[in-house]
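Results of the structural survey
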Amino acid sequence: MNKYMESAIKLSKKNLKSRDGGPFGAVVVKDGKIIGRASNCVIKNNDPTAHAEIMAIRDACAKIKSYDLSGCVLYTSCYPCPMCLAAIIWANIKTVYYGNTKEDAANIGFRDDFIYKYIKTLALKKPDNKTLKLKPLNHKEAIKVFDDFKNQKDKTIY
């Protein structure tokens, strides 16, 4: 077994006992070294965003003191949910290895498929307003801040 995936799976097993969150674990690897590791901490932290992948990304970023994980690889015990996929992309991670599939996650009660379906409705511009209402508000005021950012000479785009 791959040693990095083995670490991710061990973290997921550990969560079965601790019950800190679901049975998920992830590690971030750079240059052959684990720089971030985490289990799902949704229950422990009372934080629905505390998925293993996001927590491992946070750990890696804190360790290397950067928001950019270019050149890193993520190993996770399960195919990432849509939120985690977005975080992985924002972190500039280009390769993810996963153990279980999203169908495996659905078979044990996780509802990622529901979110994937909702995202499709957004892409087709036919959002399901029962799931989530997205309504524009005060655009004229909000866009002024974006315009100021656009005109800054020393801005950081990430």
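Structure's up top.
Conventions and cut-offs
- What you see as residue numbers is a count from 1 along each chain, following the sequence as written.
- Two thresholds apply to this predicted model, a pLDDT of at least 70 for residue-level local features and 80 or more for giving and counting side-chain atom pairs, whereas whole-chain, interface and lining totals are computed over all residues.
- Hydrogens are left out, water is left out, and the side-chain values use all remaining heavy atoms of the structure.
- Helix numbers and strand numbers start at the N terminus; a helix is a DSSP run of H or I with at least 4 residues, a strand a run of E with at least 2.
- For accessible areas, the Shrake-Rupley method is used with a probe of radius 1.4 Å. Any residue's cover is judged against the shown protein chains and nothing else.
- For helices, the fitted line uses only the C-alpha atoms of the stretch in contact; every axis is such a line through C-alpha atoms, and the angle between N-to-C directions lies from 0 to 180 degrees.
- Oblique is the label for any angle not covered by the other classes, which are roughly parallel (under 35 degrees), roughly antiparallel (over 145) and roughly perpendicular (65 to 115).
- For any helix crossing, the convention is left-handed if the near helix is rotated counterclockwise from the far helix by under a right angle, and right-handed if that rotation is clockwise.
- The contact rule is simple, with two residues in contact once any of their heavy atoms fall within 4.5 Å.
- Residues are sorted three ways: Asp, Glu, Lys and Arg are charged, Ala, Val, Leu, Ile, Met, Phe, Trp, Tyr, Cys and Pro are nonpolar, and all the rest, Gly among them, are polar.
- By convention in these notes, a salt bridge is any Lys or Arg side-chain nitrogen within 4 Å of a carboxyl oxygen on Asp or Glu.
- Site definitions follow a grid-based scheme: protein atoms alone, a 1 Å grid, a 1.4 Å probe that fits but cannot get out for cavities, and for pockets an open set with protein on both sides within 12 Å along at least five of seven lines, plus lining residues having an atom within 4 Å of a point.
- Grid points are joined across faces, edges and corners, and a volume is the space filled by probe spheres set on the points.
- Categorising residues by exposure relies on relative accessible area from a 1.4 Å probe, with only protein chains included: less than 20% of the type maximum marks a residue as buried, more than 50% marks it as exposed, and the intermediate range marks it as partly exposed.
- One fewer than the residue count of a helix, multiplied by 1.5 Å, yields its expected span.
- To form a nonpolar core, buried Ala, Val, Leu, Ile, Met, Phe, Trp, Tyr and Cys residues must be joined to one another through side-chain atoms within 4.5 Å.

Section: the overall build of the chain
- When helices and strands are tallied, the chain shows seven helices and four strands.
- For the chain, the sequential pattern of α-helices and β-strands runs α-β-β-α-α-β-α-β-α-α-α.
- Taken along its principal axes, the extent of the C-alpha atoms in the chain is 55 × 40 × 25 Å.
- As presented, the chain carries roughly 11100 Å² of accessible surface, and 57% of it is formed by carbon and sulfur atoms.

Some points on the packing of helix 3 (residues 52-64) against helix 4 (residues 82-90)
- Two numbers describe how helix 3 lies on helix 4: the axes approach to 9 Å, and their chain directions differ by 25 degrees. Taken together, the axis directions place helix 3 and helix 4 in an arrangement best described as roughly parallel. Between helix 3 and helix 4 the crossing geometry is left-handed. Residue-level inspection shows E53, I54 and I57 of helix 3 in contact with helix 4, the latter providing M83, C84, A87 and I88.
- For the contact of helix 3 with helix 4, the residue count by class is six nonpolar, no polar and one charged.

Notes on the pattern of salt bridges
- Counted under the stated rule, the structure contains two salt bridges.
- We note a salt bridge from D47 to R58, for which the minimum N-O separation is 3.9 Å. Residue D47 is located in the loop between helix 2 (42-45) and helix 3, and its partner R58 is located in helix 3; the two are separated by 11 residues in the primary sequence.

Describing the layout of surface pockets
- The space that makes up the largest pocket amounts to roughly 480 Å³.
- If you trace the largest pocket, you find 23 residues lining it, with P48, H51, C81, M83 and D112 closest to the centre.
- Put simply, the parts of the chain that give the lining of the largest pocket at least two residues each are helix 2, helix 3, helix 4 and helix 6 (112-123).
- The element best represented in the lining of the largest pocket is helix 4, accounting for three residues.
- Grouping the amino acids of the lining of the largest pocket by side-chain chemistry returns 15 nonpolar, five polar and three charged.

Topic: the side chain of T76
- By the secondary structure assignment, T76 is in strand 3 (residues 72-78).
- On the accessibility criterion, T76 (0% relative accessible area) is buried.
- Beyond its immediate chain neighbours, meaning those up to four positions away, T76 contacts M5, A8, G25, A26, E53, V96, Y97, Y98 and G99.

Comments concerning helix 7 (residues 139-151)
- Here helix 7 spans 18 Å end to end across 13 residues, near enough to the 18 Å set by a 1.5 Å rise per residue.
- Counted residue by residue, helix 7 has zero buried out of 13 residues, so it is predominantly exposed.

A look at the side chain of N40
- When you line up the elements, N40 lands in the loop between strand 2 (33-39) and helix 2.
- Under the relative-accessibility criterion, N40 is labelled buried at 4%.
- Beyond its immediate sequence surroundings of up to four residues, N40 is in contact with N15, D20, G21, G22, F24, A50, H51 and A52.

A short note on the nonpolar core
- Counting residues in each nonpolar core, the largest one holds 25 residues, and the members touching the most others are V28, I35, I57, L69, C72, L74 and I93.
- Those elements giving two or more residues to this core turn out to be strand 1 (25-30), strand 2, helix 3, strand 3 and helix 4.
- Sort the elements by how many residues they give to this core and helix 3 lands first, with seven residues.
- Of all hydrophobic cores here, the second largest spans eight residues; its members include M5, L11, V73 and Y75.

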